[in-house]
Each structure stands twice: as structure tokens, then as C-alpha cells.
Amino acid sequence: MQRDILIGLGAGLAAAILVLAPASGSGFGILLSIFAALPITLVTLCWGSRAGLAAAISAMVLLVIAASALPSNAPEFSPFRLALQFGVSRALPAWGLAYLAIAGFGDATAERRHISLGSLAIVAAVLSMTGTLFAMLALGSTHEQALANLRNEITQAYRIMMGLAKDQPIPAQDGMDPEAFLRVFSVVLLPFTALVTTVSNLGGLWLSARIARISGRLPRPWPDIAAQLHLPIWSMGLLAVSCALSLLPGAVGFAGQLLLAALLGAFLIQGFAAVHFLTRGGAMRPLILALAYLLCVFLSWIALPLIIVLGLVETFFNLRGRFGGRSNTPSTPQ
């Protein structure tokens, strides 16, 4: 047990270093920070929940210590806030998802039943909504104040990028009002963040599980993700509730918007699972998959909604069960 905790502390150190990588000022540092929760997920899968929890907590403590020693030009910068935001939005969700992925129900190991992949995706969405909501509250004590502060930060960042003075009006460009665009952008940024966080948390779990499987330390059989990732039918009810809440004013409505966006991230994952499964056995499979991912990168405003709709349709009509019988041989990697 002591060895597992020590390994967890080492993983926490690695996570803290990745979080602080953007302080180097390089684009590569920003790229590394995307994988900051990966050591926590990996150590949880390979060495158990105690090691993972030790990694999450130690990463937060080390962030406070390290961030306190770094120079900052922002007077409102707080090392404690940075550590708490990382813990709530990334570290603890990564540990929780990894724990649920390997935990089972039942007394005997042979009789233990694991949580379904679809339920795990819904848990990831709820955790993403919670973390994004906490990040919003860290910007202000009320919903309106948080959005106003976020809008001001985005506007100031745009002025810096355009070489404008702090209080200088932003000139219109090509007939477009940049300030109106930034107001809309500040409203949709946090819901979009909730969607991306759902996808990234599940992607990090998948990548960590692949590494754990290669190392021989994955504690449960590897599932056929493309075939077994089915969001439960009650997720549609949760989606309907989030739609209704999103129409309400104030913080409750915004929380509903965050939950709606996070759930759509889970349906996006299911849509991709359906694409992977339905193309099995087809000669055009590599071309179809490559085209789907390229469209999601370069025409995301068109491709991503289509994949989300496919995920919603899959929940209702089970397309993989109806049309996926041509080949049930899993592809590798899954």
C-alpha cells in the first residue's frame, strides 16, 4: 500500500508539472497541459483508487506551492484558485471516472459487474458540467457577474491581440461588430467548454486504459467500445430536463445549458462509436473514418452536429443492432 501511495505522489508531481507547462510561454507547453489529468487516470487504473486519489490531492498541493513561486502580472491571480479549479474540473473527475471504470458491484471478484460504458459516459458529462459550473462561479459570485467578467477578459485579450489600448473601442471589421461577436462568444464559451471537457475526459480515460492494457496492468477485460457504448434510454429524459432548465433565467438556466452541452458531448462519443461499428467489414472503412474526423476538424460546425444527431438517433433506434450484422469482428485499436 505504501508503494502505491508513493507512485500516486509521483503521478501527482507529473500532473502538476503538466498544468504549469504553459508558463514556459511555448505552444508545446499549452499542448502538454491538455494531458495534465492523464497521470492521475493512469495511476488509478494501474495501481488502484488510493494511488489515484493521492495523485489528485498531491497535484493540487504542489500546484499551490509552485504557482505561489511563479511571477504573475495579474493581481487577481490566486494559486489556491488555480489548484482548486484543476482539482474540481480535471483531477477529481479523472480519478472518479477511472475508479468507476475498474470498480464493480458484487462480493466475489468472479461475480463482479462493471458499470456500463454508456452510464460511465453520462457520469463524465455530469462531472464536466460540475467542473465548468465551478469555473464559472470562480469568475464571480453571481451568474451575471461571472459572465460580465468573462466577457471583459475575452475583450481585453482581443484588444491585446489586435494591438489596441486597454479602453480603446474595437473598430468594426468587414461590416462585423467585434464587440457584439465577443458578447455572443462569451455566452457560448462555457457550454462549449462543458462539451469539450466531456469528450476530453472520456478520451483521456480511453488513452490511459490503452496504456494500462499494453503494460498488462489493466484490471478488467478490455470492452468492445464501438459495440458496447450504448447510452441508457433514460439519458434522453435527462437531456429533456436539461433543455427545460436551460430556458430558465439566471444561474439555474445557465446550469441547464452546461448540462445540456455536456450531455451532447456524450452523444457525440456515441455517434462516433456508431460510425466505427457500422463501417466494420466495409472496404471503404478507412476512407470513411478519415473523412469523418477531417470534417470534424475543418468543418466542425457542420460535422459535429451531424455526429451528435447520429448519437441521438442511435439511442432511440439501435442502428448498430439493426444494421451492424455484416461484421461483428472488433477492429484494433478500439
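Conventions used here
Residues numbered from 1 in each chain as written. Predicted model: local features only at pLDDT ≥ 70, side-chain atom pairs only at ≥ 80, totals over all residues. Heavy atoms only, no water. Salt bridge = Lys/Arg side-chain N within 4 Å of Asp/Glu carboxyl O. Buried < 20%, exposed > 50% of the residue type's maximum accessible area, 1.4 Å probe, protein only. Phe/Tyr/Trp six-rings, centres within 6.5 Å; stacked < 30°, edge-to-face > 60°. Helix = DSSP H or I, 4+ residues; strand = E, 2+ residues; numbered from the N terminus. Lys NZ or Arg CZ within 6 Å of the ring centre and 35° of its normal. Core = buried A, V, L, I, M, F, W, Y, C linked by side-chain atoms within 4.5 Å. Contact = heavy atoms within 4.5 Å. Polar contact = N/O pair within 3.5 Å; in protein donor to acceptor, adjacent residues only side chain to side chain. pLDDT = per-residue confidence, 0-100. Expected span 1.5 Å × (residues − 1). Arc of directions from axis to C-beta. Axes fitted to C-alpha atoms, helices over the stretch in contact; angles between N-to-C directions. Parallel < 35°, antiparallel > 145°, perpendicular 65-115°, else oblique. Left-handed = near helix turned anticlockwise from the far one by under 90°. Nonpolar A, V, L, I, M, F, W, Y, C, P; charged D, E, K, R; others polar.

1. Examining the pattern of salt bridges
- Overall, the coordinates contain 2 salt bridges when judged by the stated rule.
- We note a salt bridge from glutamate 314 to arginine 320, for which the minimum N-O separation is 2.9 Å. Across the pair, arginine 320 and glutamate 314 agree in class, each one buried.

2. Some remarks on the packing of aromatic side chains
- With the rule as written, the count across this model stands at 3 aromatic pairs.
- Measuring from ring centre to ring centre gives 5.0 Å for phenylalanine 272 and tyrosine 293, while their planes differ by 5 degrees; the resulting arrangement is stacked. Note that phenylalanine 272 is positioned in helix 11 (residues 250–278) and tyrosine 293 in helix 12 (residues 285–298), a separation of 21 residues in sequence.
- A relative accessible area of 13% means that phenylalanine 272 is categorised as buried.
- On the numbers, 6.4 Å between centres and 50 degrees between planes, the contact of phenylalanine 316 with phenylalanine 317 is tilted.
- The side chain of arginine 210 reaches across the aromatic face of tryptophan 222, ending 5.3 Å from its centre.

3. Let's talk about the nonpolar core
- With 53 residues, the main nonpolar core has Leu45 and Leu205 as its most contacted residues.
- Among the elements that take part in this core, helix 11 stands out by supplying 12 residues, more than any other.
- When neighbours within four sequence positions are excluded, leucine 205 is seen to be in contact with Thr41, Leu45, Leu97, Ala98, Ala101 and Leu120.
- Membership of the second largest hydrophobic core comes to 18 residues, among which are Ala15, Ala16, Ile40 and Ala55.

4. Section: the environment of arginine 217
- Note on placement: arginine 217 falls in the loop between helix 8 (178–215) and helix 9 (225–228).
- Note: C-alpha distance between arginine 217 and leucine 45 (172 residues apart in sequence) is 7.7 Å.
- Not counting residues within four places of it along the chain, the set of residues in contact with arginine 217 comprises Leu45, Cys46, Trp47 and Ala212.
- A polar side-chain atom of arginine 217 sits 3.2 Å from the main-chain carbonyl oxygen of cysteine 46.

5. Considering the confidence of the model for the chain
- When pLDDT is averaged across the chain, the result is 86; 87% of the residues are at 70 or more.
- Across the chain, the element-wise mean pLDDT spans from 60 in strand 1 (residues 104–105) up to 96 in helix 10 (residues 234–246).

6. Re helix 1 (residues 2–19)
- Compared with an ideal rise of 1.5 Å per residue, which puts 18 residues at 26 Å, helix 1 spans 26 Å between its outermost C-alpha atoms and is within 8% of the ideal.
- Burial in helix 1 covers these residues: Gly8, Ala11, Gly12, Ala15, Ala16, Leu18 and Val19. Along helix 1, the residues classed as buried sweep out an arc of 155 degrees about the axis, all on the same side. In helix 1, the exposed positions that point more than 90 degrees away from the buried face belong to Gln2, Arg3, Leu6 and Ile17.
- Those residues of helix 1 that are buried are in contact with helix 2 (27–33), helix 3 (38–47), helix 4 (49–69) and helix 5 (79–102).

7. A word on unusual backbone geometry
- Although it is not a glycine, asparagine 318 adopts a positive phi angle of roughly 50 degrees.
- Topologically, asparagine 318 is positioned in the loop between helix 13 (300–317) and helix 14 (319–323).
- Judged by its relative accessible area of 34%, asparagine 318 is partly exposed.

8. Things to note about the packing of helix 1 against helix 4
- For the pair helix 1 and helix 4, the least separation of the axes is 7 Å and the interaxial angle reads 40 degrees. Taken together, the axis directions place helix 1 and helix 4 in an arrangement best described as oblique. Between helix 1 and helix 4 the crossing geometry is right-handed. Across from Asp4, Ile5, Gly8, Leu9, Ala11, Gly12, Leu13, Ala15, Ala16 and Val19 in helix 1, the residues of helix 4 making contact are Arg50, Ala51, Ala54, Ala55, Ser58, Ala59, Leu62 and Leu63.
- Of the residues assigned to the contact of helix 1 with helix 4, the class counts are 13 nonpolar, 3 polar and 2 charged.

9. Here we look at the packing of helix 11 against helix 12
- Running from N to C, helix 11 and helix 12 cross one another at 160 degrees; their axes reach a closest spacing of 10 Å. Judged by the angle between their axes, helix 11 and helix 12 are roughly antiparallel. Here helix 11 runs over helix 12; the crossing is right-handed. Contacts between helix 11 and helix 12 involve Phe272, Val275 and His276 from the first element and Arg285, Leu289, Tyr293 and Cys296 from the second.
- Its residues placed into classes, the contact of helix 11 with helix 12 shows 5 nonpolar, 1 polar and 1 charged.

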